Amino acid sequence: MSLSLIAKSISASPTLALNEKAQILRQKGEPVINFSVGEPRSRAPLDSILAAVQILNSGEVRYTPPDGIPDLKKAIIRYTEEFYDRKVEPENIIVSGGAKQAIMVALQSILNPQEEVLYPAPYWVSYPEMAKLCGGIGVPVPPEDGAFYPRIQDIERKVGSYTKAIIINSPNNPSGAVYSEEFIADIVDFCERRDLYLIMDDIYHRLIFDGRKPINPWMYAKKKDENSKMIIINGVSKQYAMTGFRIGWAVANKKLIEAMTNIQSHQSGGPSVVLQRAAVGALNGIQSSVENLRATLENNRNVMVDLLRSMEGAKVFVPDGTFYCFVDFSAYEKSSHKLSQLLVDKVMVLTVPGVEFGMEGFIRLSFAGSMKEIQEGVERIKWAIDPNA
Ligand code: PLP
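Counting restarts for each chain, with residues numbered from 1 along the sequence as it is written. In view of the model being predicted, local features appear only for residues whose pLDDT reaches at least 70, and side-chain atom pairs are presented and counted only at 80 or more, with totals across whole chains, interfaces and linings using the full set of residues.

### Observations concerning the site of the ligand
Step number 1: Each residue receives a C-beta atom placed from its backbone. It is near a molecule or strand if this atom lies within 6 Å of it. Residues in close proximity to the ligand total 13 residues, the closest being G98, A99, K100, N173 and S237.
Step number 2: At 3 residues, helix 5 (residues 98-110) tops the list of elements feeding residues into the shell around the ligand.
Step number 3: In this classification, Asp, Glu, Lys and Arg are treated as charged, Ala, Val, Leu, Ile, Met, Phe, Trp, Tyr, Cys and Pro as nonpolar, and every other residue, Gly included, as polar. In terms of residue class, the shell around the ligand is made up of 3 nonpolar, 8 polar and 2 charged. Strands are runs of DSSP state E lasting at least two residues, helices are runs of H or I lasting at least four, and both sets are numbered from the N terminus onward.

### Quick notes on the nonpolar core
Step number 1: The nonpolar core is taken to be a set of buried Ala, Val, Leu, Ile, Met, Phe, Trp, Tyr and Cys residues joined by way of C-beta atoms within 7 Å. With C-beta atoms placed from the backbone, a residue is buried if 20 or more other C-beta atoms are within 10 Å of its own, exposed if 12 or fewer are, and partly exposed between those counts. Of all hydrophobic cores here, the largest spans 112 residues; its most connected members are L198, I231 and A250.
Step number 2: Ranked by residues supplied to this core, first place goes to helix 5 with 8 residues.
Step number 3: Segmentation of the chain into domains, including their bounds, is taken from an automatic or database domain assignment. The residue makeup of this core includes at least three contributed by each of domain 1 (5-44 + 288-385) and domain 2 (46-284).
Step number 4: Once C-beta atoms are placed from the backbone, any two residues with those atoms within 7 Å are in contact. Contacts of I231, omitting those with residues within four sequence positions, involve A106, Y197, L198, I199, M200, A250 and A252.

### So, the sheet that holds strand 6 (residues 197-201)
Step number 1: Read across the open sheet, the 7 strands follow the order 2-8-7-6-5-3-4; overall the sheet is mixed. Every interior strand has two partners, whereas the edge strands, strand 2 (93-97) and strand 4 (137-141), have only one. Ignoring which end each strand starts from, the neighbouring axes of this sheet average 25° apart.
Step number 2: Here a strand pair is declared whenever DSSP counts at least two bridges between the two strands. In the sheet, strand 2 pairs with strand 8 (residues 247-251) via 5 bridges, with the strands oriented antiparallel. Each residue of the ladder has a partner; that of G97, found in strand 8, is I247. A fitted line through C-alpha atoms serves as each axis, taken over the contacting stretch for helices, and the angle formed by two N-to-C directions is quoted from 0 to 180°.

### Structural notes on the sheet that holds strand 12 (residues 352-353)
Pairing between the strands of a sheet comes from backbone hydrogen bonds, and it takes one of two forms, parallel or antiparallel.
Step number 1: Pairing in this open sheet of 4 strands is antiparallel, and the strands run 9-10-13-12 from one edge to the other. With one partner strand each, in any of the chains shown, strand 9 (315-316) and strand 12 form the two edges of the open sheet.
Step number 2: Where strand 10 (residues 324-328) and strand 13 (residues 362-366) come together, 5 bridges link them in antiparallel fashion. Bridge pairing in strand 13 links D328 to F362.
Step number 3: Sheet contacts for helix 11 (residues 288-309): strand 9, strand 10 and strand 13; angle to strand 10, the most-contacted strand, approximately 15°.

### Considering the domain arrangement of the protein
Interface extent is often summarised as the accessible area lost during association of the parts.
Step number 1: Partitioning the protein into structural domains gives domain 1 (5-44 + 288-385) and domain 2 (46-284).
Step number 2: Look at where the C-alpha atoms of domain 1 and domain 2 centre, and you get two points 24 Å apart.
Step number 3: Residue-level contacts link 33 residues of domain 1 with 34 residues of domain 2.
Step number 4: If you list the elements that add at least two residues to the side of domain 1 that touches domain 2, you get helix 1 (5-9), helix 2 (14-27), helix 11 and strand 10.
Step number 5: For the side of domain 1 that touches domain 2, the element with the highest residue contribution is helix 11, accounting for 7 residues.
Step number 6: Of the residues that constitute the side of domain 1 that touches domain 2, the class distribution is 16 nonpolar, 9 polar and 8 charged.

Pasting the structure below:
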């Protein structure tokens, strides 16, 4: 079969593939513990379900404007004012099929072939593949000293004449690091001075611990008009436990949003109206589920970190947010793929190899599951790789 060069160059999302594997094992009745998942287990908010049911009952399930329905844009305008202190108009917003599609369409709108998009490592698995899909080049910026907090000087050193954009994902998947206010201020300033697009992937911005408040990159922008090249990405997947609803959005200057809308209008025509209505329900409804989820995740984090710390060879970074622990197991096994495989084969625990996020020797463990799973899963890992622990 003759496939395109692009198709041949793209690999399946390793995290989604692992999820599928977990489901197959479960269906076979295997006692699998899935630490590879990138989604909270709580139920979607009742308001989102009621809104979806209401439109389904009406039978009026039609095409929508390709950039999103007005009611959802209204809710996003309010969200943007609340969390970013930024006044925007509907033309500054595009609603997409998850934050994933919003980032993809943004990159398609700004990258020319061979142009580069930079992102600090460790990075989300999809950034390199998305850059490739646009004919561009993804350039990871490894942490100089092995720390998960990027330094502005390391990024500056990698920026060249082909650099078009920088993606910052904080709280970070996979490390859980929340980058400092100082770094965010510096990167906003740097991108403005160098006329680069800055994509803030804020999908986890409310899932933060230890009394932190979501960081607002817009606060540091000097260009606050239609010349701004900051693109803020968000969505309902993580904070409202609505991963399967596939609703995310981008907020940016009107010209860019228009270009993104043109592309999306031919790609998908925009997400389903049923799911957009559900997102309106979540954003306008009772908000307690977000805090409940955040508090549960903080508790889960504390337990997982404590359990992992009893393994002498594991270097455990305490995540500031998200629902991932990114652990350096290189003292036991240098190849993260080998270690991940061993954990499935020996103790039925699914994890994601760190090399997929640009860091060999690490393993990503999700603590979005139940307390019982966290306790038993870590016990199994210990038994599998460090029976003396
Ligand atoms: N950005 C990051 C860093 C993520 O981890 C994910 C999901 O795993 C996404 C974006 C995509 O989110 P969505 O489900 O809204 O497409």
